[in-house]
Amino acid sequence: MDSLPYFLLLLLVVSLTTLVWVVFRYRALRSQLRKYERILRQSASGDTPLLALPSNVKRLEELSTIVKSMVTSLSTQLSSVDSNRARLAAMLDQMTDGVLIASEEGRIQFANPAAEKLFGRGLVERSVPEVLRNHQLIQAWQRCQELDEMQVETAEIKGRRHFLQLIAIPDQHAPGGSLLVVQDLTRIRRLETIRRDFISNLSHELRTPLASLRALTETLQDGALADPDAAPRFISRIATEVDALAQMAQELLDLSRIESGQVSLERKPVAPKKLLVSAAERMRLQAERAGLSLQVDCPPNLPNVSADEPRIEQVLVNLIHNAVKFSHPGGEVLLSADIVTDSFTPWETEAVEGAVRFAVHDSGVGIPADDVPRIFERFYRVDKSRAGGGTGLGLSISRHLVESHGGQIWAESREGEGSTFYFTLQNA
Ligand code: ADP
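What counts and how
- Residues numbered from 1 in each chain as written.
- Predicted model: local features only at pLDDT ≥ 70, side-chain atom pairs only at ≥ 80, totals over all residues.
- Heavy atoms only, no water.
- Helix = DSSP H or I, 4+ residues; strand = E, 2+ residues; numbered from the N terminus.
- Rg over C-alpha atoms; globule rule 2.2 N^0.38 Å.
- Buried < 20%, exposed > 50% of the residue type's maximum accessible area, 1.4 Å probe, protein only.
- Salt bridge = Lys/Arg side-chain N within 4 Å of Asp/Glu carboxyl O.
- Pairing = 2+ DSSP bridges.
- Axes fitted to C-alpha atoms, helices over the stretch in contact; angles between N-to-C directions.
- Contact = heavy atoms within 4.5 Å.
- Near = heavy atom within 4 Å.
- Polar contact = N/O pair within 3.5 Å; in protein donor to acceptor, adjacent residues only side chain to side chain.
- Areas by Shrake-Rupley, 256 points an atom, 1.4 Å probe, with all protein chains shown as cover.
- Core = buried A, V, L, I, M, F, W, Y, C linked by side-chain atoms within 4.5 Å.
- Domains from an automatic or database assignment.
- Phe/Tyr/Trp six-rings, centres within 6.5 Å; stacked < 30°, edge-to-face > 60°.
- Lys NZ or Arg CZ within 6 Å of the ring centre and 35° of its normal.
- Expected span 1.5 Å × (residues − 1).

J.: I tried to follow the overall build of the protein on my own but got confused; where do I start?
T.: Within the protein one finds 10 helices and 12 strands. By the compact-globule yardstick of 22 Å for 428 residues, the protein is too spread out, its C-alpha radius of gyration being 42 Å. By its C-alpha atoms, the protein is 165 × 60 × 40 Å across when sized along the principal axes. Evaluated residue by residue, the protein yields a buried proportion of 36% over its 428 residues.

J.: Help me understand the pattern of salt bridges in this model?
T.: Oppositely charged side chains are able to pair whenever their charged atoms sit close together. If you walk through the whole model with that rule in mind, you get 10 salt bridges. Between Glu 313 and Arg 282 there is a salt bridge whose closest N-O contact spans 3.0 Å. Of the two residues, Glu 313 sits in helix α9 (residues 309–325) while Arg 282 sits in helix α8 (residues 272–289), which places them 31 residues apart along the sequence. On the accessibility criterion, Glu 313 (12% relative accessible area) is buried. A residue is classified by how much of its surface remains accessible, and Arg 282, at 53% relative accessible area, is exposed. Here Asp 338 ties to Arg 357 by a salt bridge, and the two come within 3.3 Å at their closest N and O atoms. A residue pair is termed long-range when its members are at least 10 positions apart, and Asp 338 in strand β9 (residues 332–339) and Arg 357 in strand β10 (residues 356–362) qualify at 19 residues. Residue classification places Asp 338 among the partly exposed residues on the basis of a relative accessible area of 31%.

J.: I keep staring at unusual backbone geometry and nothing clicks. Help me out?
T.: In this structure, Asp 148 takes a positive phi of about 55° despite not being glycine. Tracing the backbone shows Asp 148 in the loop between α5 (135–147) and β3 (151–157). On the basis of relative accessibility, which here comes to 55%, the residue Asp 148 falls in the exposed class. Not every positive phi belongs to a glycine, and Phe 379 is a case in point at roughly 65°. Checked against the element boundaries, Phe 379 lands in the loop between β10 and α10 (394–404).

J.: I'm lost on the sheet that holds β3 in this one. Help?
T.: One key point about sheets: their strands pair by backbone hydrogen bonds, in either a parallel or an antiparallel sense. Strand order in this open sheet of five strands is β2-β1-β5-β4-β3, and the pairing throughout is antiparallel. Edge positions in the sheet fall to β2 (108–111) and β3, since each of these pairs with one other strand and no more. Strand after strand, the sheet turns through a mean of 20° between neighbouring axes, direction not considered. Where strand β1 (residues 98–102) lies against β2, three bridges are found, and the strand directions are antiparallel. Paired with Ile 101 across the two strands is Phe 110, which belongs to β2. Across the sheet, α5 is in contact with β1, β3, β4 (162–170) and β5 (178–184); its angle to β3 comes to roughly 165°.

J.: Explanation requested: the site of the ligand in the structure shown.
T.: Looking at the ligand, there are 20 residues lining it, with Asn 322, Asp 362, Val 382, Thr 391 and Leu 395 nearest. In the model, an oxygen atom of the ligand is placed 2.8 Å from a nitrogen or oxygen of the Leu 395 main chain. In the complex, 97% of the free accessible area of the ligand, which totals 530 Å², lies under the protein chains. Elements with a minimum of two residues in the shell around the ligand: α9, α10 and β12 (418–425).

J.: Which parts of the structure should I look at to understand the pairing of β4?
T.: Put simply, side chains in a regular strand alternate between the two faces of the sheet. Taking burial as the measure, the nine residues of β4 include seven buried ones, the bulk of the element. The pairing of β3 with β4 spans seven bridges and is antiparallel. Looking at the pairing, Ala 155 lines up with Leu 164 of β4. Across seven bridges, the pairing between β4 and β5 is antiparallel. Note on β5: the bridge partner recorded for Leu 166 is Val 182.

J.: How should I be thinking about the nonpolar core in this particular structure?
T.: If you look at soluble globular proteins, the nonpolar side chains tend to sit buried side by side. Counting residues in hydrophobic clusters, the biggest one holds 48 residues, and the most contacted among them are Ile 320, Phe 358 and Phe 423. Per element, the largest residue contribution to this core is eight residues, and it comes from α9. Counting only domains with at least three residues in this core, you end up with domain 3 (189–259) and domain 4 (268–425). Excluding anything up to four places from it in sequence, Ile 320 contacts Ala 279, Ala 280, Met 283, Leu 294, Val 333, Leu 335 and Val 360. Of all hydrophobic cores here, the second largest spans 23 residues; its members include Phe 119, Val 128, Ile 157 and Ala 168.

J.: Explanation requested: the packing of aromatic side chains in the structure shown.
T.: Ring pairs (aromatic) are described by centroid distance and by the angle formed between their planes. Under the counting rule described, the total for this entry stands at four aromatic pairs. Measuring from ring centre to ring centre gives 6.2 Å for Phe 376 and Phe 421, while their planes differ by 70°; the resulting arrangement is edge-to-face. Residue Phe 376 is found in the loop between β10 and α10, and its partner Phe 421 is found in strand β12; the two are separated by 45 residues along the sequence. Phe 376 sits in the buried class, given a relative accessible area of 4%. Directly above the aromatic system of Phe 234 lies the positively charged group of Arg 233, at a separation of 6.0 Å from the ring centroid.

J.: Please clarify how helix α6 (residues 186–221) should be interpreted in this entry.
T.: The α-helix winds at 3.6 residues per turn, so residues separated by three or four positions along the chain end up facing the same way. The terminal C-alpha atoms of α6 lie 52 Å apart, and with 36 residues this matches the ideal 52 Å at 1.5 Å per residue to within 8%. Among the residues making up α6, those that are buried are Glu 205, Pro 209, Ser 212, Leu 213, Leu 216 and Leu 220. For α6, the elements touching its buried residues are α7 (230–259). Downstream of α6 by a residue or two, Gly 223 has a phi angle that is positive, lying close to 130°.

Here it is in structure tokens:
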């Protein structure tokens, strides 16, 4: 019984020691946890790297390791998301198609630069109908929202002469939202129209000489061949038609070569006067036969121009040929050159100041004001009855040749008073 108080005392001492040890451990653990919590909070707000987590806390060691590896894999994923996002943003910036992202309520949430170019700036937060402003396109977007299916629609935007194609795609990541891709088809449409017009013009141009060739051969077959007076006349008319067809084929070939850039220019410094004189000499006989005077007026001190001589001579010959063709006997054709002093041509295209401007002036029939801007189009002839068998391709070829030299060509004319054709060439 004597040992009982000792035992109780021992128990008390052990209990007290344990309590002190537990309190001490608890406080140490609590302080570590606080530190842990503080670091996690700072990391969450981005102030401290998570790698600073204490790793000496027993039992928390494993947790620290797991959290650290989670953080490492998370930051790898984040940086890959960041680089993907940057790549996507660069792609959207460079795209030529407009891209819009619209919310379920139809508010624009994102617009790339191409979309801003098409619809103007400040598109974000505006409504889709307000931006698209075309009921066909708006309906396509509404159908996409209602049916949750991709819709494609093409429309002409009146007033702006734009052809737009809208592809509306349901946004898989935002129910009710949509992704709108807008393509500008204006250029493609214009090229299609040019191609269609070209083919229809060409077949039209071929029909007339072919019909007359057929009529002439049929007449010969029907007995005219045996008629010594008529036969040579018919045969010479056939030869004329064949020549016209051959000329058209040659001009079309030239035009297509020039347009497709297959003609390489051999540019050299050449005196403007030399170009004018040699073109005039080539056309002198033809002008005299038509009863016209052909003069060259060129100051001697003009700078040389950079030109492919035979090509520019071809341009001048085309212009003189027209001047002769569309002038009455007794008239005059004047070739001249001077320096460009004003920076704008009458068509408000910029001409380089200091370049040399060539002019072919005639006192002929002139061109109606409405036709002047169109005469450089392929096959365009003001009045087919007075065209004197031309193909309507000469000016088109001339324009391409001048433009491939970096120059400009234009015409000024008054009906009944004559015309002046100008073109510019840069200094050598
Ligand atoms: P064409 O082979 O018919 O002459 P061009 O392309 O050279 O073809 O000219 C196109 C049209 O422009 C001509 O058919 C004519 O109606 C008009 N034209 C060109 N030059 C003159 C000019 N000097 N005077 C009057 N009309 C002209």
